Amino acid sequence: AKTRSASDSERLRTELAQMKARREELVAILDAALLQQYETLLQRIGSPAVVAVRKGACTGCKLSLPSSFAPRLRAGDQVLRCESCKRILYLPSGESPFRPEEE
């Protein structure tokens, strides 16, 4: 059991180092203002600071979003934030921002 624990710990350290390296690569290509918004959100509300929109609602706070968000979410050309919890919103690929009954 002790050997397994040591190998699991080493594997996790390796994965963490890889994730940190990948994060640094991504940070280098991100817009500085967007990165600052994200980091401020992390400090203020914790993780997750970026959440999906599902069935017309923010998955962070579970509140319904205004229908005016739908075309902007579909376009994907601007950063949208939940009016309630202020998290950054994204629409998962292939999903609709509307509730099925509204489509």
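The text that follows walks through the structure, step by step, so that each part is easy to find. (Residues numbered from 1 in each chain as written. Predicted model: local features only at pLDDT ≥ 70, side-chain atom pairs only at ≥ 80, totals over all residues. Heavy atoms only, no water.)

## Topic: the overall build of the protein
So the rule is basically this: Labels follow the DSSP assignment, with helices taken as runs of H or I lasting at least four residues and strands as runs of E lasting at least two, numbered in each case from the N terminus. Radius of gyration here uses only the C-alpha atoms, and the compact-globule reference equals 2.2 Å multiplied by the residue count raised to the power 0.38. The classification of residues rests on relative accessible area computed with a 1.4 Å probe and restricted to protein chains. Under 20% of the type maximum is buried, over 50% is exposed, and intermediate values are partly exposed. Contacts are residue-level and defined by heavy atoms, with any inter-residue pair within 4.5 Å sufficient. Throughout, the Shrake-Rupley method with a 1.4 Å probe supplies accessible areas, and for residues the shown protein chains are the sole cover considered.
Looking only at helices and strands, the protein has 3 helices and 4 strands in total. Shown N-terminal to C-terminal, the secondary structure of the protein runs as helices and strands in the order α-α-β-β-α-β-β. Computed over the C-alpha atoms, the radius of gyration of the protein is 18 Å, more than 25% above the 13 Å expected from 2.2 N^0.38 for a compact globule of 103 residues. Principal-axis analysis of the C-alpha atoms places the extent of the protein at approximately 55 × 35 × 25 Å. By residue count, 21% of the 103 residues in the protein fall in the buried class. In the protein, once contacts between residues fewer than 6 apart in sequence are set aside, the share between residues at least 24 apart is 51%. For the protein, the accessible surface area stands at approximately 7400 Å², while carbon and sulfur atoms represent 53% of it.

## Details of the packing of aromatic side chains
Here is the rule we go by: For Phe, Tyr and Trp, where Trp contributes only its six-membered ring, two rings pair if their centres lie within 6.5 Å, and the inter-plane angle classes them as stacked under 30 degrees, edge-to-face over 60, or tilted in between. Two conditions define a charge located above a ring, namely a distance within 6 Å from the ring centre to NZ of Lys or CZ of Arg, and an angle within 35 degrees of the ring normal.
A complete count under the given rule lists 0 aromatic pairs for this structure. Just above the ring of Phe 69 sits the side chain of Arg 72; from NZ or CZ to the centre is 4.8 Å.

## Some words on the layout of surface pockets
Any empty space left between atoms is shown by rolling a water-sized probe over those atoms. Operational definition: Any residue with an atom within 4 Å of a point lines the site, the site being either a cavity, points on a 1 Å grid over the protein atoms alone where a 1.4 Å probe fits but cannot get out, or a pocket, an open set with protein on both sides within 12 Å along at least 5 of 7 lines. Grid points are joined across faces, edges and corners, and a volume is the space filled by probe spheres set on the points. Only Asp, Glu, Lys and Arg are considered charged in this grouping, and only Ala, Val, Leu, Ile, Met, Phe, Trp, Tyr, Cys and Pro are considered nonpolar; every other residue, Gly among them, is considered polar.
Roughly 210 Å³ of volume is contained in the largest pocket. Arg 23, Leu 26, Val 27, Leu 30, Leu 34, Leu 35, Tyr 38, Val 50 and Ile 88 are the residues that line the largest pocket. Among the secondary structure elements, those contributing two or more residues to the lining of the largest pocket are α1 (2–29) and α2 (32–45). A class-by-class count of the residues in the lining of the largest pocket yields 8 nonpolar, no polar and 1 charged. Estimated volume of the second largest pocket: approximately 150 Å³. Around the second largest pocket sit Val 50, Arg 72, Leu 73, Gly 76, Gln 78, Val 79, Leu 80, Ile 88, Leu 89, Tyr 90 and Leu 91, which together line it.

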